Amino acid sequence: MPTELPFKRGAIELLILKTVSWRAMHGYAIAQWIQDTTDDALRVEEGSLYPALHRLENKGLIESRWGTSENNRQAKFYTLTTEGRRTLRAESESWMQYAAAITKVITATRQPA
Amino acid sequence: MPSESLWRRYRRFWGADPARDVDEELAFHIQMRVDELRRTGMSESEAREATMKRFGDLTDVREECETLSQERVRIKRRADQRDALRQDLRFALRTFAANRGFTLIAALTMAIGIGANTAVFSVAYGVLLRPLPFRDADALVRLWSMNASRNLEFFSVSPADFKDWQRAVPAFSGMAAFDRQRDATLVRPGAESAPEAVETAAVMPEIFPLLGTGAFRGRTLMADDAQPGAPPAVVVSYDLWSARFGEDAGLVGRQLTLDGKPVTVVGIMPRRFWIPGTPAQIWTPLSLAGASDDHSNRYLRVLARLAPGRTLAQARPEADAISARLARDFPATNAPWTINMMGVPEMVVGRQFRRALLVLVGVVAFVLLIACANTANLQLARAAARQREIALRAALGATRGRITRQLLTESLALAGIAAGGGLLLAVGGIKLLRKLGETTVPRLDEVRIDAPALAFTALVALGSGVLFGLLPALRASRSDAGEALKEGGRTSTGAAGQGVRSALVVAEVSLSLVLLVGAGLLMRSFVRLQAVELGFDARGVLVAPLRLSEAAYPDSASVSRFYGTVIDHVRRLPGVASVAAVNSAPFAGVNPGLVYTVPDRPTPPGERPPDADYRVVTPGYLRTMGIRLLSGRDFTEQDTDRAPSVVLVSETTAGRTWPAENAIGRQIRIGDPVKGPVFTVVGVVADARYQSLETPEVRPMMYFSALARPQQGMMIVVRGANTGAMATGVREAIAAVDPRIPTPTMRAMDDLLGLVTSTRRFALGLFAVFAATALLLAAVGIYGVMSYLVRQRMHELGIRLALGAPARVLLMSVVGRALRLTMIGVGVGLAGAWGLTRVLAALLFEVGATDRPTFAAVAVLLVIVAGVASLVPAYRATRADPLLVLRGVG
């Protein structure tokens, strides 16, 4: 198993937005999906997942609804709002620019003058 | 999305439960994880333990999530409320747009009511409530000498008395004296050619710490400035600094020439500062070191400050004690004299004006109430018309609260629109007030629409919105939906609705009656006052006060020559009928007085010698003023200091001194009963009023010849056709004789008289405007209600017409009903006016507060107005085609 990477609060919110952009999902599925997609590299802590979900809902970026889960239990499903979709687009953009910039530096082959 | 369970939907119907939702959400997660671990072969308890371990502190997570959820519920609730309000408002505005006529009338009515209140509140606030520019102004007290037996309430104080008072009243923490303001000539450096008239006052430096106001620039006067030999220092007012020196920052420390002497400006006082009792622009230091010891030499003005925690009531007995001691020690000069005192705030505003203003506040409140009654009536009528709409909304599930809220929102939106209009009216009204009340309203320059006035407007708008909206809203929302829908549009609010309407008519009639009675009483007073016999003819007379400086005119010969030359110059001007000079023209200045005795009839011991007012006049004064000479002769050019001393006396003086005898040829001794100069009476003139229109009797008056006793300060009085042209001529004549003399402020005698009646005119003018507004509003209100009631009775009237009832009978039945309501209103109003007009008593002149002719006239006027207002709809009803009415078309 690869090392588990720690990540910051802002990052988890971006990951949640991306995750629920596919379809309505409950918290457990969100955590699972992130973990699966990153091949278990990122493990989402429950302790930060749920407060993040509620924060996003307060900001109006996602909305929730109670429904029945795949194994026939009552679960709270989250979907992306229009505002959330806009935010996701903007945040992904800036995240990628940031990541690209960092990558350039750490993969640099030319020695500083 | 998976469907929501019925159970949960049911539960959520009763409102969100954030705590429970969070618990269930987390429980689901835990269960999912446990299931997953079990699939890998863990036992139930192992799986649960692993899950909880991974979760960390469950309580923390739960708490954080709950807090966030609760916050979300709050945000949502607020948003819902905002949405509802926005929806209500949008609906209200749509309703307004659909009913332009109603909206316009209602908003205008309320705008008048609110505007009047805002304007009057601004005045009342600026005048009565805005703090004076002194530290703890309520503790400041003005002191006077008082002589009750000679009817002198507000007399100046002698330096000798002041020194004795100063330490004798423990209730006062400080006391300071100052001189009355006097005219001086100011020459600015670099402007030598143009001397300017300013008012200066000599004040004890202690006055500044007493008032508690520091300098705006530089310093105030200090005790050292009043020491003999100190360099002459002055402090100037903010207004002088800004008007004459263009707010020049370098004025402090500069030298000016005041009455020909150099003085140094040491400070500028802040804006709005003045010394209560002397409206001067320049203050010079006053020292009492060399002042006379004569207790009867009364010329000072005195201010004191109450010690912390002490009151005026405590100061009075202490002041009485010191005046009693002075009367014992100096019986000749202090026997009947006591100390009079009044708080500065009261002095500044004046009792009469304060009362007039409070009455005015009541008056506009009445106007607002009438406006509210009118608008409530309109709303009621409209609510009746909207009954179907409201019933429909109720049937569709709107609760009573929701409908009431919708209607109230409409009322408040209307009040908001009206408040906007009212503010515009108030701004215009205050501009008008400034013009009308320039000379009447104290502190008028401090009147403006500012934050307190805006807050007041908002409050009044809110209050009246609820007042005129709540009753109709409650009534409308209570109506039975089924009934209203069944009636199919033919609406009737029934007996209860008519009762409310009738009550509103009665209220409007009675409120406007009270206002009209007030206006009527003031009007009658004013007419009476205008009819007061003046004893002189004010029309076409111009008054120009002059003062010669002692430096330029040291002796009486030069003074006499100056005034003689000016009078000659003016006399030759075109359009001038006659010209003369007097030391103080009627209603234009101070009122000098004297005591006298009759040489051949000594005053019995223990009795005071008689007193009279006096004037010093040049020949031709009587002709110029139009004062009749009753017997004897007028002054001539020969009545100089070389001729025998002569005096003219007024009818009242003659009658009091020599009852049933001819005064001509008699002698009087002025001032000291032994050493005073003796004058021979050569003429008796008609009484003329110099000070007050309102005292029942005219003060005794004596006239002396200015040729024998020239005065430095005289007023030129000119009679002619065109006062405007004369003013220019007089100005040029004075400049031609001596260009160093500042241009006097000239006034028409008519204007000076106008000033005397200005408080009355002000009160009457405003009262009349508001009463007329009230009458108009009431007439509109009566018309509106009668139209409505007639429309309600159309069916009945149509049947009666069709059955052959004469139109006249129907007309009478409608008008009769309006008149019945009016009579009730008149009755209530008369009773109210009977009680309320007493507050006007101080503003009335020779008219009782319950003057019957006024009450009767106003009652008749209101009945006529109500009759006419109801006649129009009644007439229309009888003209309607009975067939159309019966078919429900009319």
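Since the model is a prediction, treat every value here as computed from it, not as a measurement.

The next subject is the overall build of chain A. The number of helices and strands found in chain A is 4 helices and 3 strands. The secondary structure elements of chain A, listed N-terminal to C-terminal, are α-β-α-α-β-β-α. The buried share of chain A, taken over its 113 residues, is 33%. Long-range contacts, defined as pairs at least 24 residues apart, comprise 51% of the intrachain contacts of chain A with a sequence gap of at least 6.

To continue, consider the confidence of the model for chain B. Close reading of the predicted structure is inappropriate where its pLDDT is low. Residues and elements named next belong to chain B. The predicted model of chain B has a mean per-residue pLDDT of 84, with 92% of residues at 70 or higher. Long-range and interchain partners of residues 488–493, a stretch whose pLDDT sits below 50, account for 7 contacts in this model, where long-range means more than four residues apart. Across the assembled chains, the prediction reports ipTM 0.85 with pTM 0.66.

Let's shift gears to unusual backbone geometry. All names here are of chain B. Despite not being glycine, R272 shows a phi value in the positive range, around 75°. Within the secondary structure, R272 sits in the loop between β9 (261–268) and β10 (282–285). Judged by C-beta crowding, with 16 C-beta atoms within 10 Å, R272 ranks as partly exposed. Phi at E846 takes a positive value of approximately 60°, unusual for a residue other than glycine. As for its placement among the helices and strands, E846 is situated in the loop between α24 (807–836) and α25 (852–879).

Moving on: the sheet that holds strand β1 (residues 25–26) of chain A. Residues and elements named next belong to chain A. Ordered in space as β1-β3-β2, the 3 strands form an open sheet in which the pairing is antiparallel. With one partner strand each, in any of the chains shown, β1 and β2 (62–68) form the two edges of the open sheet. Sheet analysis places β2 next to strand β3 (residues 74–80), joined by 7 bridges and oriented antiparallel. Paired with E63 across the strands is T79, a residue of β3.

Time to look at the interface of chain A and chain B. The interface of chain A with chain B comprises 22 residues on the first partner and 25 residues on the second. Elements that contribute at least two residues to the side of chain A that touches chain B include exactly α2 (27–37), α3 (46–58), β2 and β3 of chain A. Of the residues assigned to the side of chain A that touches chain B, the class counts are 7 nonpolar, 8 polar and 7 charged.

Glancing now at the environment of I370(B). All names here are of chain B. Here I370 is to be found in helix α12 (residues 351–385). The class of I370 is buried, set by 29 C-beta atoms lying within 10 Å. Considered as a pair, I370 and A507 are 137 residues apart in the sequence and their alpha carbons are 7.7 Å apart. With residues up to four places along the chain from it excluded, the contact list for I370 reads E508, L511, S512, A774, L777 and A778.

The rules behind each value
Residues numbered from 1 in each chain as written. Chains lettered and ligands numbered in written order. Predicted model: local features only at pLDDT ≥ 70, side-chain atom pairs only at ≥ 80, totals over all residues. Helix = DSSP H or I, 4+ residues; strand = E, 2+ residues; numbered from the N terminus. Buried ≥ 20, exposed ≤ 12 C-beta atoms within 10 Å, placed from the backbone. Contact = placed C-beta atoms within 7 Å. pLDDT = per-residue confidence, 0-100. Pairing = 2+ DSSP bridges. Nonpolar A, V, L, I, M, F, W, Y, C, P; charged D, E, K, R; others polar.

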